[in-house]
Amino acid sequence: MVYKTKAILLYSGGLDSTLALHILVSQNVEVIALTFITPFYNYNRESKVFKNIIGTVERLGCRLKTINLQEEYLPILKSPKYGFGSAANPCIDCRILMMKHAKKIMEEEKADFIATGEVLGQRPFSQTITYLKRIDSEADVEGLVLRPLSAKLLPETIPEKLGLVDRERLFGIRGKSRKVQLDLAKSFGITDYPSPAGGCLLTEPAFGRRFNDLKNHNPNFSLKDTILLKFGRHFRINDDTKVIIGRNKEENEEMIKYVEPEDIVFEVVEYKGPVGLYFGRVEESLLLRAASIIVAYSKAPKNTLIKVRFYNKVSFEKILETNAISLEGAHLFLIK
Ligand code: SF4
């Protein structure tokens, strides 16, 4: 296949960016699909979404590049220049970061432009014309970002002016209704795509509440602290003490992967039960509170004293005995 032009597409695997991919391919554009991985987004390479991404890109004869954002993501979680959306989602700063990476790949690949599946007015926080322009200007890609689904509502971009893509065959979609996209999907034979809500954990209200609790009580949080928000039940024992209790075997195993030598792990001694992580002030009354919560979620009998062991890999070890707190009592400390 001889291509007349080459583009870098920010590709999430969702319906909109899949449509953008099809539109570009239908205009004989060579597309490099760029997928981002963060601790909160696309982090599971075994997921259906990720498999779909690989399948779609291969089917259309395109190339896939992935970029893994980890520590680099932390500053925008700590103090995003453009603030958060309705939960813990710093979408505008996140898009700027992604766009900067896309620009770098565009230059390395000698591509002509960048494209996205963004739809004007679909997300009130980040997809207004003002913010789309702001994202492009902060990433220094003004005029180089084609948004095929809403192009006819946006100023003409350089690739359109140069005739690298045919503006007449682009679209003028605006707003949240997906009707036009669904019709378009039919015409391209696209049948398998994730729901619009799926994807980024940072947009989920429950995650947002945990994140706000972390930010308010520990403004110097680390990336690990934010990753741990994904697992278990979180209990705020007091202003500087929090515990996390795994909800199942998978979560227990995941949580343990992030434990550092000084982190305190705790568990019921003689009965099966979850893994607990203890962060905060080491004081007997607080440890006992944490112990009573983990006993409540264990297989131990509830009306007798149960041993709970707290330890870390450095030198800390303490065994305390306590009864289980009632589940209603534990819920009073739950961050929900
Ligand atoms: S939804 Fe998540 S991945 Fe998407 S722009 Fe917002 S913060 Fe970034």
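Residues numbered from 1 in each chain as written. Predicted model: local features only at pLDDT ≥ 70, side-chain atom pairs only at ≥ 80, totals over all residues.

## Remarks on the overall build of the chain
No. 1: Across its full length, the chain carries 12 helices and 11 strands.
No. 2: Along the three orthogonal principal directions, the C-alpha set of the chain runs to about 75 × 35 × 35 Å.
No. 3: A total of 336 residues make up the chain; the buried ones form 40% of that total.
No. 4: Considering only intrachain contacts with a sequence separation of at least 6, the fraction spanning at least 24 residues in the chain is 65%. (Helix = DSSP H or I, 4+ residues; strand = E, 2+ residues; numbered from the N terminus. Buried ≥ 20, exposed ≤ 12 C-beta atoms within 10 Å, placed from the backbone. Contact = placed C-beta atoms within 7 Å.)

## So, the site of the ligand
No. 1: All residues in the neighbourhood of the ligand are listed as Y41, N89, P90, C91, C94, R95, C200, L202 and T203.
No. 2: Of the residues belonging to the shell around the ligand, the class tally is 6 nonpolar, 2 polar and 1 charged. (Near = placed C-beta within 6 Å. Nonpolar A, V, L, I, M, F, W, Y, C, P; charged D, E, K, R; others polar.)

## Topic: the nonpolar core
No. 1: Ranked by internal contacts, the top residues of the largest apolar core, which has 90 residues, are A7, L9, I114, I293 and I294.
No. 2: With 9 residues, helix 4 (residues 91-108) is the largest single contributor of residues to this core.
No. 3: Residues from two domains meet in this core; each of domain 1 (5-188) and domain 2 (231-331) gives at least three.
No. 4: If near-sequence neighbours (up to four positions away) are discounted, I293 is found in contact with F235, V243, I245, I325, A330 and F333. (Core = buried A, V, L, I, M, F, W, Y, C linked by C-beta atoms within 7 Å. Domains from an automatic or database assignment.)

## Details of the sheet that holds strand 3 (residues 63-68)
No. 1: Strands sit in the order 3-2-1-4-5 across an open sheet of 5 strands; the sheet is parallel. Unpaired on one side and paired on the other, strand 3 and strand 5 (145-146) mark the two borders of the sheet.
No. 2: Direction of pairing for strand 2 (residues 29-37) relative to strand 3: parallel, over a ladder of 6 bridges. Note that in strand 3 the partner of I32 across the bridge is R63. (Pairing = 2+ DSSP bridges.)

## Regarding helix 1 (residues 15-26)
No. 1: The terminal C-alpha atoms of helix 1 lie 16 Å apart, and with 12 residues this matches the ideal 16 Å at 1.5 Å per residue to within 8%.
No. 2: Burial analysis of helix 1 places 10 of its 12 residues in the buried class, the great majority of the element.
No. 3: L15, D16, S17, T18, L19, A20, L21, H22, I23 and L24 are the residues of helix 1 that are buried.
No. 4: Looking at the buried side of helix 1, the elements it contacts are strand 1 (5-10), strand 2, helix 2 (48-59), strand 4 (113-115) and helix 7 (179-188).
No. 5: N28, located one to two residues past helix 1, shows a positive phi value of around 60 degrees. (Expected span 1.5 Å × (residues − 1).)

## Structural notes on the domain arrangement of the chain
No. 1: Examined at the domain level, the chain breaks down into domain 1 (5-188) and domain 2 (231-331).
No. 2: Between domain 1 and domain 2, the C-alpha centre-to-centre distance is 43 Å.

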